[in-house]
Amino acid sequence: MKTRFMAILGILVLAFSVTVFARHQNPGRGQKTTKAIANKNAAGSGEQRFQANCGRCHVPPDSLSPREVKAVLQHMRVRAMLSADDEQLILQYLAP
Amino acid sequence: MNRVWGMLLGLMCTATGLWAQSDVPILSGAVAFQGSRSGGANAFQPILFPVLVAPFGDHWLVEARGEIQGFIARQDGTQGPYTGQFSDVLAYLQVDYIANPHLTVTVGRFLTPFNIYNERFPLWIANLEDTPITYVIGTRTSASSNGAMVRGVAVARPKWNLNYTAYASVATTTENLQSGRAAGGRAGIFLPQDGVEVGASYQRFLQNGGSNIAGTYVNWQPPPIPLDVRAEYAHSPGGQGYWIEGAYRFASNRDINTWPSRLQAVARVQQYFKGHPTSLDVLPSTNVNQFDCGANYYLPHNIRLNGSYGRQYSSAGNSNIWNFELTYRFLFPALPGEHK
């Protein structure tokens, strides 16, 4: 029981720490990220991110609708540890 | 079988009900047929791995994967008539909350994140049909955990990022939903410009008196060359070992898509050293050395052919291992009218 409690406590502390760290590091991140992406050549950058991350295991899909791509990327963000920026740039590359 | 299908069907119905106000769910996965000859015994396995992904807005995601497979082999190993049996397992059924760019909270049943083979290399990604000998260290029989997990990219920089996972799992003995009582974590550094990821895993197994399990991994894909190098080391009181695998596509770079470039040569070397296994371990009872070599051919439309030969050396007897595999990878919307 004590070990389980310590494990749950450890996870909560880690989650809290990461959340605090994220807020400290990226205030107002969502808006800034959107604007930054809009100003970049997102397609080229997205292709690079695709090759660097997704290309380790996958080839670009033949044809997917934007909403399918979004679902795939959310899945891969959780499973393959894509960063939030990578997810957004690859989304723009696969579903411009 | 009914339980797995029932859960997937229930999940799909839930996704359908909420689809109008969120994103489209997708049905993905693979169908495969595997054949093998090991030590003179033939076996054939038809496999279906359906994966359902249902996003609800930008923060919520429900994911599930079933594993339905048959095993057809001779009754007495190398003699007698062929008989078959089917098994079904729920690999994962998890709810993810993407809290912020650095944190995702997961509850439910999830793939145990020990090293990376279990999470990253399902059969349609793995370069060889057989899992490494040390695969069961940290993942045990079910390779899944029931509990909670936090994960994400703690630090993201253009030249590197740091990812992490921490989890706790309860012991479950329900048929097809087994898991061990354990807690652990993994941390890795990925250098995207160099195509290198290195990391380490730790797990405290909280059953059978408790034990510590640790592992490390390396994954390297040099960007200009279609080379794929993967390696893992895992240690447990029951045994330890490592494997290193290389795969090379016959192309001058990764972007070329010609018929020779669809051919991939693969080789893997692994060594296992027996420790003090307990009744819960599913590790070999002797030291084992093994090498495998083979080829993958990536046909159009997400079809892959794979064939390999391996030689296993152990005090229990040396043996040849022949494998072939045909895999079809599919992905389509779980609701009609979405695909373009």
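Please refer to the structure higher up on the page.
Summary of the structure given here. No experiment lies behind these values; they were computed from the predicted model shown.

1. Considerations on the overall build of chain A
Part 1: The secondary structure content of chain A amounts to five helices and zero strands.
Part 2: In chain A, the proportion of contacts linking residues at least 24 apart, taken out of those at least 6 apart, comes to 63%.
Part 3: Accessible area of chain A: about 5,500 Å², with a carbon and sulfur share of 61%.

2. Concerning the overall build of chain B
Part 1: Along the backbone of chain B there are two helices and 16 strands.
Part 2: For 340 residues, the compact-globule estimate of 2.2 N^0.38 gives 20 Å, and the C-alpha radius of gyration of chain B, at 20 Å, lies within 12% of that figure.
Part 3: When the backbone C-alpha atoms are referred to their principal axes, chain B occupies close to 60 × 55 × 50 Å.
Part 4: Burial analysis of chain B (340 residues in total) assigns 51% to the buried set.
Part 5: As presented, chain B carries roughly 14,700 Å² of accessible surface, and 62% of it is formed by carbon and sulfur atoms.
Part 6: Taken as two groups, the 23 positive and 21 negative side-chain charges of chain B have centres that lie 4 Å from each other.

3. A short note on the pattern of salt bridges
Part 1: One pass over the full model with this rule turns up 13 salt bridges over all chains.
Part 2: Across the pair A:Glu87 and A:Arg77 runs a salt bridge whose closest N-O atoms are separated by 2.9 Å. Remark: A:Arg77 occurs in helix H4 (residues 66-80) and A:Glu87 occurs in helix H5 (residues 84-94); sequence separation between them is 10 residues. One exposure class covers both A:Glu87 and A:Arg77, and it is buried.
Part 3: With its nearest N and O atoms 3.9 Å apart, the salt bridge here joins B:Glu245 to B:Arg230. Here B:Glu245 is found in strand S12 (residues 239-249), whereas its partner B:Arg230 is found in strand S11 (residues 227-236), with 15 residues between them in sequence. Each member of the pair, B:Glu245 as well as B:Arg230, is classed as buried.
Part 4: A single network of salt bridges, built from pairs that share partners, joins B:Asp228, B:Arg230, B:Glu245 and B:Arg268.

4. Considering the nonpolar core
Part 1: Core analysis: the biggest nonpolar cluster contains 33 residues, and A:Val69, A:Leu73, A:Ile90, B:Phe121, B:Leu123 and B:Trp124 have the highest contact counts within it.
Part 2: Residue assignment for this core shows that the elements contributing at least two residues are H4 and H5 of chain A together with strand S1 (26-38), strand S2 (41-56) and strand S4 (82-100) of chain B.
Part 3: Setting aside anything within four residues of it in sequence, one finds A:Val69 in contact with A:Leu64, A:Leu91, A:Leu94 and A:Ala95.
Part 4: Within the second largest apolar cluster, 10 residues are counted, among which are B:Ile133, B:Ile137, B:Ala234 and B:Leu283.

5. So, the pairing of strand S16 (residues 319-333) of chain B
Note on strand geometry: in a regular strand, side chains alternate between the two faces of the sheet.
Residues and elements named next belong to chain B.
Part 1: With 13 bridges joining them, S1 and S16 adopt antiparallel strand pairing. The residue of S16 that forms the bridge with Gly29 is Phe330.
Part 2: Bridge count between strand S15 (residues 303-314) and S16: 10 bridges; the pairing is antiparallel. The residue bridging Tyr309 from the neighbouring strand is Trp322, located in S16.
Part 3: Between S15 and S16, which follow one another and run antiparallel, lie four residues, and Gly317 among them has a positive phi close to 130°.

6. A short note on the environment of B:Ser145
Residue and element names in this part refer to chain B.
Part 1: For Ser145, the location among the structural elements is in strand S6 (residues 144-156).
Part 2: Using a relative accessible area of 4% as the deciding quantity, one classes Ser145 as buried.
Part 3: As a C-alpha pair, Ser145 and Lys159 span 14 residues in sequence and 33 Å in three-dimensional space.
Part 4: Among the polar contacts listed, one links the side chain of Ser145 to the side chain of Thr112, at a separation of 2.7 Å.

7. Considerations on unusual backbone geometry
Part 1: Positioned with a positive phi, A:Met81 is a non-glycine residue whose angle comes to about 60°.
Part 2: Within the secondary structure layout, A:Met81 lies in the loop between H4 and H5.
Part 3: In the Ramachandran plot, B:Asn302 falls in the positive-phi region, its phi being about 60° despite a non-glycine side chain.

8. Details of the packing of aromatic side chains
Part 1: Under the counting rule described, the total for this entry stands at 15 aromatic pairs over all chains.
Part 2: Between B:Phe49 and B:Trp124, the ring centres sit 6.3 Å apart and the planes meet at 80°, which makes this aromatic pair edge-to-face. Here the residue B:Phe49 occupies a position in strand S2, and B:Trp124 occupies one in the loop between helix H2 (117-120) and S6, the gap between them amounting to 75 residues.
Part 3: The exposure class of B:Trp124 is buried, given its relative accessible area of 13%.
Part 4: Look at B:Trp60 and B:Tyr97: their rings are 4.7 Å apart centre to centre, the planes differ by 45°, and that puts the pair in the tilted class. Residue B:Trp60 is located in strand S3 (residues 60-74), and its partner B:Tyr97 is located in strand S4; the two are separated by 37 residues in the primary sequence.
Part 5: An aromatic cluster of at least three residues, connected via ring pairs, comprises B:Phe33, B:Phe44, B:Tyr82 and B:Phe324.
Part 6: Directly above the ring of B:Phe190 sits A:Arg56, whose terminal nitrogen or CZ lies 4.2 Å from the centroid.

9. Notes on a nonpolar patch on the surface
Part 1: There is a patch of nonpolar side chains on the surface, built from B:Tyr233, B:Tyr242, B:Ile244, B:Val269, B:Phe273, B:Phe291 and B:Tyr313 and spanning about 580 Å² of accessible area.
Part 2: Here B:Ile244 shows up in strand S12.

Reading the values: the criteria
- Residues numbered from 1 in each chain as written.
- Chains lettered and ligands numbered in written order.
- Predicted model: local features only at pLDDT ≥ 70, side-chain atom pairs only at ≥ 80, totals over all residues.
- Heavy atoms only, no water.
- Helix = DSSP H or I, 4+ residues; strand = E, 2+ residues; numbered from the N terminus.
- Contact = heavy atoms within 4.5 Å.
- Areas by Shrake-Rupley, 256 points an atom, 1.4 Å probe, with all protein chains shown as cover.
- Rg over C-alpha atoms; globule rule 2.2 N^0.38 Å.
- Buried < 20%, exposed > 50% of the residue type's maximum accessible area, 1.4 Å probe, protein only.
- Lys, Arg positive; Asp, Glu negative; His and termini not counted.
- Charge placed at Lys NZ, Arg CZ, Asp CG, Glu CD.
- Salt bridge = Lys/Arg side-chain N within 4 Å of Asp/Glu carboxyl O.
- Core = buried A, V, L, I, M, F, W, Y, C linked by side-chain atoms within 4.5 Å.
- Pairing = 2+ DSSP bridges.
- Polar contact = N/O pair within 3.5 Å; in protein donor to acceptor, adjacent residues only side chain to side chain.
- Phe/Tyr/Trp six-rings, centres within 6.5 Å; stacked < 30°, edge-to-face > 60°.
- Lys NZ or Arg CZ within 6 Å of the ring centre and 35° of its normal.
- Patch = residues over 30% accessible without salt bridge, like charges linked within 9 Å, V, L, I, M, F, W, Y side chains within 5 Å.

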